[in-house]
Amino acid sequence: MFGVFRRKVVSGSSSASIVGKSWRASRPVASTTTCFASEGEVLLHPGISGNVRSICHLTQPGATVNLKPLREVMISLQPCVSVQMQTRTFSSNSGDLVDAVVPFMGESISDGTLATFLKKPGDRVEIDEPIAQVETDKVTIDVASPEAGIIQEFVAKEGDTVEPGTKVAIISKSAEGAAAPSKSASTEAVSQPSPTAVEKVEEKPKPKVETTPVIEKPKPASPPPPKTSASEPQLPPKDRERRVPMTRLRKRVATRLKDSQNTFALLTTFNEVDMTNLMKLRSEYKDAFLEKHGVKLGLMSGFVKAAVSGLQNQPIINAVIDGDDIIYRDYIDISIAVGTPKGLVVPVIRNAEKMNFAEIEKEINTLAKKANNGTISIDEMAGGSFTISNGGVYGSLLSTPIINPPQSAILGMHSIVNRPIVVGGDIVSRPMMYIALTYDHRLIDGREAVFFLRRIKDVVEDPRRLLLDI
């Protein structure tokens, strides 16, 4: 710190000492103002950016002053000169970096698990290109890149629980933003000497110390392993087991199925269906059906139409208990259970009572492809008043399906097997299928359940009943 300089300024016959005066008390000066750093008053000068703590030497018009000491002082006070510094901030507000966040996942879904990253840091991505997948209780949702650029870094980790709006990754719209950290890291690595080189320089030959050989004592024999009793079970070693966390979809399915068993009074009734006529109808018209409608004629459309007829004849099967009330649905939305590599999903065919065979087959194919690709939406699985599960595609001969809440019944289809049956007093071989109906016995009596399953059997065995409505 500099001390306070005092100088007498002679102007004509008068002199004045202005160093001790306050800056606010001094009148405006038309001559030059020279500042140097000292502990004094705060001066706001238009040529200097910011606040400068200084005391000023003022020279009035017509005054003379010895400038030699002051010039020497000014040479040493170069920091008082205004210096402009330009800086660049690397943040999401600079315009070059954008954040990839978790999108809205649906009204009934509040969070999800970050399942996997589809890209790596440094990869080039296009706009709306998926970079990660979030697994929810119902569907798998993609996290897309909001802009085209290069992935700079991932903020979240696989397995984290994320909510809509959670930042997952930082995308650099230009290649420079992503390459900058790697360049600085490489420069730093070159500038710093390797620790092995320093250790080699500091190594000095150590004097050898002669040691007498140590005679090892013989170790006592290890005790034999304890004998296990004959009743003690022999468990496999732990290293042959693998512990894998459950996916959110699997946990959701497990919870809903267990809730169904705990809530409903489940009862299952069975019947068998002769598939001869339906398979014959399919074989005769499959080519013409494919040529006109662009989709293959399958067996599922026949069972959906049969279920619609049964639900119309027995409306209680399409109803549901809500507290102390019974809700009768005047529409028929058929849920189709589809097994995917990630778990069981149940897309819904809306207003099945208004659809023909071709429309049903097209809708089933579309929903099945979306379910297997993981692109099915929540709206396409919401609702449903009755479910059909076809375990026959996996070779199941017989099963007792579980109701999908908030429904009251589910139809189980099984594999087609040629079995000997009696037809007109003769034993013949026919393609037969067992069908099962699991229903909520709190709402549905056995009479309605058997009548419903009987209607399924009659329509499948003789599809002409659908045309005549008998």
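Residues numbered from 1 in each chain as written. Predicted model: local features only at pLDDT ≥ 70, side-chain atom pairs only at ≥ 80, totals over all residues. Heavy atoms only, no water.

Under the annotation held in an unreviewed UniProt entry, the protein chain carries the name dihydrolipoyllysine-residue succinyltransferase and is attributed to Helianthus annuus. As its UniProt record puts it under Catalytic activity (unreviewed entry), the protein chain is described as follows: "N(6)-[(R)-dihydrolipoyl]-L-lysyl-[protein] + succinyl-CoA = N(6)-[(R)-S(8)-succinyldihydrolipoyl]-L-lysyl-[protein] + CoA". Word for word, the UniProt comment on the protein chain under Sequence similarities (unreviewed entry) is "Belongs to the 2-oxoacid dehydrogenase family." (UniProt positions renumbered as here; feature names shortened; annotations may be inferred.)

The helix and strand tally for the protein chain stands at nine helices and 23 strands. Across the 470 residues that make up the protein chain, the buried fraction comes to 34%. Put simply, of all contacts in the protein chain between residues at least 6 apart along the chain, 62% involve residues at least 24 apart. Of the roughly 30,600 Å² of accessible surface on the protein chain, 54% is carried by carbon and sulfur atoms. (Helix = DSSP H or I, 4+ residues; strand = E, 2+ residues; numbered from the N terminus. Buried < 20%, exposed > 50% of the residue type's maximum accessible area, 1.4 Å probe, protein only. Contact = heavy atoms within 4.5 Å. Areas by Shrake-Rupley, 256 points an atom, 1.4 Å probe, with all protein chains shown as cover.)

The next subject is the sheet that holds strand 9 (residues 140-144). Taken together, four strands build an open sheet; the order of strands is 9-8-6-11 and the sheet is antiparallel. Edge positions in the sheet fall to strand 9 and strand 11 (161-162), since each has one partner strand and no second. Where strand 8 (residues 130-135) meets strand 9, five bridges bridge the pair, whose relative direction is antiparallel. Bridge pairing in strand 9 links Pro130 to Ala144. (Pairing = 2+ DSSP bridges.)

Let us now look at the sheet that holds strand 7 (residues 124-125). With antiparallel pairing, the four strands of this open sheet are ordered in space as 5-12-10-7. Each having just a single partner strand, strand 5 (97-101) and strand 7 make up the two edges of the open sheet. As defined by bridge partners, strand 5 adjoins strand 12 (residues 167-172) across five bridges and the pair is classed as antiparallel. Within the sheet, the bridge partner assigned to Val101 lies in strand 12 and is Lys167.

Attention now goes to unusual backbone geometry. A negative phi holds for most residues other than glycine; trans holds for most peptide bonds. Put simply, Pro405 and Pro406 share a cis peptide bond, and its omega is 5°. Among the secondary structure elements, Pro406 is positioned in the loop between strand 20 (386-390) and strand 21 (409-413). Residue Asp128 is not a glycine yet carries a positive backbone phi of 65°. The residue Asp128 is located in the loop between strand 7 and strand 8 in this model.

With that out of the way, let us pick up the environment of Ser429. Position of Ser429 among the secondary structure elements: in strand 23 (residues 426-440). Using a relative accessible area of 52% as the deciding quantity, one classes Ser429 as exposed. Residues Ser429 and Val417, spaced twelve residues apart in sequence, show a C-alpha to C-alpha distance of 9.6 Å. If near-sequence neighbours (up to four positions away) are discounted, Ser429 is found in contact with Asn418, Arg419 and Pro420.

In contact at an axis separation of 9 Å, helix 6 (residues 300-313) and helix 7 (residues 357-373) are set at 115° when each is read in the N-to-C sense. Relative to helix 7, helix 6 is oriented so that their crossing is right-handed. For the pair helix 6 and helix 7, the contacting residues are Met300, Ser301, Gly302, Val304 and Lys305 in the first and Phe357, Ile360, Glu361 and Ile364 in the second. (Axes fitted to C-alpha atoms, helices over the stretch in contact; angles between N-to-C directions. Left-handed = near helix turned anticlockwise from the far one by under 90°.)

With that out of the way, let us pick up the packing of aromatic side chains. Counted under the stated rule, the structure contains two aromatic pairs. Aromatic pair Phe117 and Phe154: ring centres 4.0 Å apart, planes at 25°, arrangement stacked. Of this pair, Phe117 sits in strand 6 (residues 112-117) while Phe154 sits in strand 10 (residues 149-154), placing them 37 residues apart in sequence. Look at Phe386 and Phe452: their rings are 5.4 Å apart centre to centre, the planes differ by 65°, and that puts the pair in the edge-to-face class. (Phe/Tyr/Trp six-rings, centres within 6.5 Å; stacked < 30°, edge-to-face > 60°.)

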